[in-house]
Amino acid sequence: MNGNREVALVDLLDRLLAGGVVLTGDLTLAIADVDLVHVSLRALIASIDAGEDR
Amino acid sequence: MNEPFGRASYAYAVARSFDPAQLAGVRGVDGAEVRLVRYRDLVAVVSPVPLTEFDEAALRTKLEWLPWLEATARAHHAVVDAVATSSVTLPLRLATVYRGDERVTEVLRQGYRRFRAALDRLAGRVELGVKVYTDPQAMAPAAGPSASSPGRDYLRRRRAQHRAHDDAWQRAAASAERVDATLAGLAVDSRRRPPQRQQLSGVRGENVLNAAYLVDAGRTDEFAAVARCLDAEAPGTRIELTGPWAPYSFAPPDDEEPA
Amino acid sequence: MTANRLVIDDDTIERDLVKLVLTVVELLRQLMERQALRRVDKGDLTEDQEERIGRTLMLLEDRMTLLRERYRLSDQDLNLDLGPLGPLLPR
């Protein structure tokens, strides 16, 4: 199996946010998979912006 | 088993039952210890998280903050990976949280048949990821003869760049179709994932194909060797292999979703 | 950690606006360029016209590069198309 450190974040988020079984959890009823993917995009772009500003 | 007030159960995966000793020392989100919730011959792998930190409002904020998202994703993946080395595993999507282990048991009970069927299909198989990229070198046009007029020169250069870009893209796309057809022949199942944005992955070249293949565990070496051959054979494209992964991309389709 | 984020957000408000404006300008520049190339291919233009249009586009590209460098925006930052991950949801 993949050693965790070797796994690229983009590949990880690709699978964790848009893969895996989608169960109706108790606390995440309103967060659909599409929302999670959009959110990850914003987070990554925000981090790139933040990195460049420093 | 009731959770103390305020604690919820973060669920990582559903798997065929196995010895919890295999997860000794495995830490999940926020470094919490991971445990198993049993129902018949299935287990759900969970760890405790504070209820208030995982309601919708809290989650939306955290998901947009990359340090949290990355730490949580890596912790989640580490647990799934550890489980997958011990048993057939159905990874769950990030942030699947229940109010307590009793609820988790209930979810296992309600989805028992479908979980079992999904796990049976995945037994002895792993996911391999294949990404095909255009070669940025191939997209740079050769320098043409220089005319004495800079404006016309510029237009000529730009036209050559457009053509080179389009040609490279088409070559990579055709190559990607061949790669997919060949590798699918070595796999039990395959899925196309959305291409990865360069802005996110930071790699050179454009992602033309992002595919996942469900492969018998005994054939992964063969699969990797064929992928390497294809990479060598296809100038103007680059092929990257990732994995083996737990079968994130081969979760049951929506209409068969458990619970 | 929250304080850091607030500081960063202030710095990027201006940059976000610039990014938006430059994205539109870049889109127009690309459209004009493609149209110019089509006309050149069709043989619609005299050599003189080609030369003048080419120079204008060249200057435009130089200006865009300068502006992008000033605000540290890459090619990809100005890409309107967010691909298969879909458009950013408005806040």
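Because the structure is predicted, anything quoted here is derived from the model rather than measured.

Engineer: Looking at this model, I keep getting lost on the overall build of chain B. Mind explaining?
Structural biologist: Broken down by element type, chain B carries 8 helices and 8 strands. Expressed as a percentage of the 259 residues in chain B, the buried residues total 43%. Here the contacts in chain B between residues at least 6 apart in sequence split such that 78% fall between residues at least 24 apart.

Engineer: Before we go on, may I ask you to explain the overall build of chain A in this structure?
Structural biologist: Along chain A, the regular secondary structure elements total 2 helices and 0 strands. By residue count, 46% of the 54 residues in chain A fall in the buried class.

Engineer: Even after reading the chapter, I still don't get the sheet that holds strand β6 (residues 189-193) of chain B, so can you show me in this structure?
Structural biologist: For sheets, the rule is that strands pair by backbone hydrogen bonds, running either parallel or antiparallel. Residue and element names in this part refer to chain B. Read across the open sheet, the 4 strands follow the order β6-β7-β5-β8; overall the sheet is antiparallel. Edge positions in the sheet fall to β6 and β8 (237-245), since each has one partner strand and no second. Looking at each pair of strands side by side, their axes are set apart by 20 degrees on average, direction ignored. The pairing of β6 with strand β7 (residues 207-216) spans 5 bridges and is antiparallel. Of the residues in β7, the one forming a bridge with S190 is Y213.

Engineer: Can you walk me through the sheet that holds strand β2 (residues 35-39) of chain B in this structure?
Structural biologist: All names here are of chain B. The 4 strands are arranged β2-β3-β1-β4 in an open sheet whose pairing can be described as antiparallel. Only two strands of the sheet have a single neighbouring strand rather than two, namely β2 and β4 (89-98). Pairwise comparison of adjacent strand axes, ignoring direction, gives a mean angle of 25 degrees for this sheet. Note: strand β1 (residues 7-16) against strand β3 (residues 42-50), 9 bridges, orientation antiparallel. Each bridged residue has a counterpart across the sheet, and for A11 the counterpart in β3 is V46. Set on the sheet, helix α3 (residues 101-110) makes contact with β1, β2, β3 and β4; between it and β2 the angle comes to about 45 degrees.

Engineer: I would appreciate a short explanation of the confidence of the model for chain B in the present structure.
Structural biologist: In regions of low pLDDT, the predicted coordinates are not meant to be interpreted in detail. Residues and elements named next belong to chain B. Scored by pLDDT, chain B has a mean of 87; 89% of the residues are at 70 or more. At the low end of the mean pLDDT range in chain B sits helix α7 (residues 198-201), at 62; at the high end sits β2, at 97. Ignoring residues within four places in sequence, the model shows residues 254-259, a span with pLDDT below 50, making 15 contacts including any to other chains. Interface confidence in the predicted complex, given as ipTM, is 0.79; pTM for the same model is 0.76.

Engineer: Looking at this model, I keep getting lost on unusual backbone geometry. Mind explaining?
Structural biologist: When glycine is set aside, most residues are seen to have a negative phi, and most peptide bonds are trans. Residues and elements named next belong to chain B. With omega at 5 degrees, the peptide bond leading from G243 into P244 counts as cis. Looking at where P244 falls in the secondary structure, it is placed in strand β8. The backbone of R40 shows a phi angle near 50 degrees, a positive value even though the residue is not glycine. Here R40 lies in the loop between β2 and β3. Of the residues examined, R40 has 11 C-beta atoms within 10 Å and is grouped as exposed. Phi is positive for A95, which is not a glycine, with a value near 65 degrees.

Engineer: What am I meant to see in the interface of chain B and chain C here?
Structural biologist: Interface size is often expressed as the accessible area that is lost when the parts come together. With 14 residues of chain B at the interface, the matching set in chain C holds 17 residues. Secondary-structure elements contributing two or more residues to the side of chain B that touches chain C are α6 (150-184) and α7 of chain B. Counting residues per element, the side of chain B that touches chain C draws most heavily on α6(B), which supplies 8 residues. Class assignment for the residues of the side of chain B that touches chain C results in 5 nonpolar, 5 polar and 4 charged.

Engineer: Got a minute to help me understand the pairing of strand β5 (residues 125-134) of chain B in this structure?
Structural biologist: Two faces belong to every sheet, and in a regular strand the side chains alternate between them. Residue and element names in this part refer to chain B. Burial runs high along β5: 10 of the 10 residues are buried. The alternating pattern of β5 places R125, E127, G129, K131 and Y133 and V126, L128, V130, V132 and T134 on opposite faces, both of which are buried. As paired strands, β5 and β7 are joined by 9 bridges and run antiparallel to one another. The partner of K131 across the bridge, within β7, is N210.

Rules used in this analysis
Residues numbered from 1 in each chain as written. Chains lettered and ligands numbered in written order. Predicted model: local features only at pLDDT ≥ 70, side-chain atom pairs only at ≥ 80, totals over all residues. Helix = DSSP H or I, 4+ residues; strand = E, 2+ residues; numbered from the N terminus. Buried ≥ 20, exposed ≤ 12 C-beta atoms within 10 Å, placed from the backbone. Contact = placed C-beta atoms within 7 Å. Pairing = 2+ DSSP bridges. Axes fitted to C-alpha atoms, helices over the stretch in contact; angles between N-to-C directions. pLDDT = per-residue confidence, 0-100. Nonpolar A, V, L, I, M, F, W, Y, C, P; charged D, E, K, R; others polar.

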